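A structural walkthrough
As a plain string of letters, each chain reads:
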Amino acid sequence: MPVTFRPQVSGEELWAAYAGTDTVAVPLRAWPAFDYTVPSKLYEIFAAGIHVSAMLSGEAREMVHDSQSGFCVPPEQPAALAAKWTQMHDSRTLLGQVPGASRDWVRRHADYEVLADRYASILRETVDKGRLDEDRGFRQHRVRRASGHAALA
């Protein structure tokens, strides 16, 4: 099975390299902090619709699973990665329906317009709730003063 390791590339070279790729390796070390780390390249790989061969844990592992973009093996277990690649070589169907599934995941979870709309909605709800709470507090203060009870301003 031919495997190509390339030097770091960016821009148009990167997208050209992706075009001829069956899978992209995304490894992280077995370090507790990496349970809460998501490599930013995952988002671009998902958006490109390329299969992911990951050595990840935690949140990033869940993203690969939820997006149906590939597989994960535990970090720092190269024999497990080699076994998966051997299976992929023997059965190309293991590459699955990655392009559609991973692109859909990106649209639902990482599209800037969708995220901006969600964020704006949360801000509106928070501001509206604050206004309601503030208004209730003001009315309670006025009622207490009108009834002759001492109230803090």
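Calculation notes
- Residues numbered from 1 in each chain as written.
- Predicted model: local features only at pLDDT ≥ 70, side-chain atom pairs only at ≥ 80, totals over all residues.
- Heavy atoms only, no water.
- Helix = DSSP H or I, 4+ residues; strand = E, 2+ residues; numbered from the N terminus.
- Buried < 20%, exposed > 50% of the residue type's maximum accessible area, 1.4 Å probe, protein only.
- Pairing = 2+ DSSP bridges.
- Right-handed = clockwise from strand over helix to strand, strands pointing away.
- Salt bridge = Lys/Arg side-chain N within 4 Å of Asp/Glu carboxyl O.
- Contact = heavy atoms within 4.5 Å.
- Arc of directions from axis to C-beta.
- Core = buried A, V, L, I, M, F, W, Y, C linked by side-chain atoms within 4.5 Å.
- Axes fitted to C-alpha atoms, helices over the stretch in contact; angles between N-to-C directions.

Structurally, Phe5 can be placed in the segment before α1 (11–19). Remark: the alpha-carbon pair of Phe5 and Ala25, spanning 20 residues in sequence, is separated by 9.7 Å.

Let's shift gears to the pairing of strand β2 (residues 51–55). Most of β2 is tucked away, with five of its five residues classed as buried. Two elements, strand β1 (residues 23–27) and β2, share five bridges in a ladder whose sense is parallel. Opposite Thr23, over in β2, you have His51 as the bridge partner. Where β2 and strand β3 (residues 70–73) come together, four bridges link them in parallel fashion. Considered in β3, the bridge of Val52 is made with Gly70. In this region the chain leaves β2, passes through helix α3 (residues 58–67) and returns to the parallel neighbour β3; the handedness of that crossover is right-handed.

This brings us to the pattern of salt bridges. Close approach of charged atoms allows side chains with opposite charge to pair. For the structure shown, the criterion picks out three salt bridges. Two residues, Asp22 and Arg92, come together in a salt bridge whose shortest N-O distance is 3.0 Å. One end of the pair, Asp22, is in the loop between α1 and β1; the other, Arg92, is in the loop between α4 (78–90) and α5 (98–109), and 70 residues separate them in sequence. The exposure class assigned to Asp22 is partly exposed, which follows from its relative accessible area of 42%.

Here Val64 shows up in helix α3. A C-alpha to C-alpha distance of 8.3 Å links Val64 and Leu42, two positions 22 residues apart in sequence. Not counting residues within four places of it along the chain, the set of residues in contact with Val64 comprises Leu42, Phe46, Val52, Ala54, Leu56, Ser69, Gly70, Phe71 and Cys72.

The next point concerns α1. Owing to its 3.6 residues per turn, the α-helix brings residues three or four apart onto one side. When α1 is considered as a whole, its buried residues turn out to be Leu14, Ala17 and Tyr18. The buried residues of α1 all sit within an arc of 100° when viewed along its axis, so they share a single face. Exposed and facing more than 90 degrees away from the buried side of α1 are Glu12, Glu13, Ala16 and Ala19. Here the buried face of α1 lies against β1 and α2 (41–48).

Attention shifts here to the nonpolar core. Of all hydrophobic cores here, the largest spans 21 residues; its most connected members are Val26, Leu42, Phe46, Val52, Leu56 and Val64. Every element with two or more residues in this core is listed here: α1, β1, α2, β2, α3 and α5. For this core, the leading source of residues is α2, giving four residues. Formed by seven residues, the second largest nonpolar core is a distinct cluster that contains Val73, Leu81, Met88 and Leu95.

Turning our attention to the sheet that holds β1. Strand order in the open sheet formed by three strands is β1-β2-β3, with parallel pairing between adjacent strands. Every interior strand has two partners, whereas the edge strands, β1 and β3, have only one. Across the sheet, the mean angle separating the axes of adjacent strands is 15° when strand polarity is ignored. Where α2 meets the sheet, it contacts β1 and β2, and its direction lies at approximately 165° from that of β1.

Moving on, we come to α3. For α3, the full list of buried residues reads Ala60, Met63, Val64 and Ser67. Projected onto a plane normal to the axis of α3, the buried residues spread over an arc of 95° and lie on a single side. Away from its buried face, by an angle of more than 90 degrees, α3 presents the exposed residues Glu62 and His65. Looking at the buried side of α3, the elements it contacts are α2, β2, β3 and α5.

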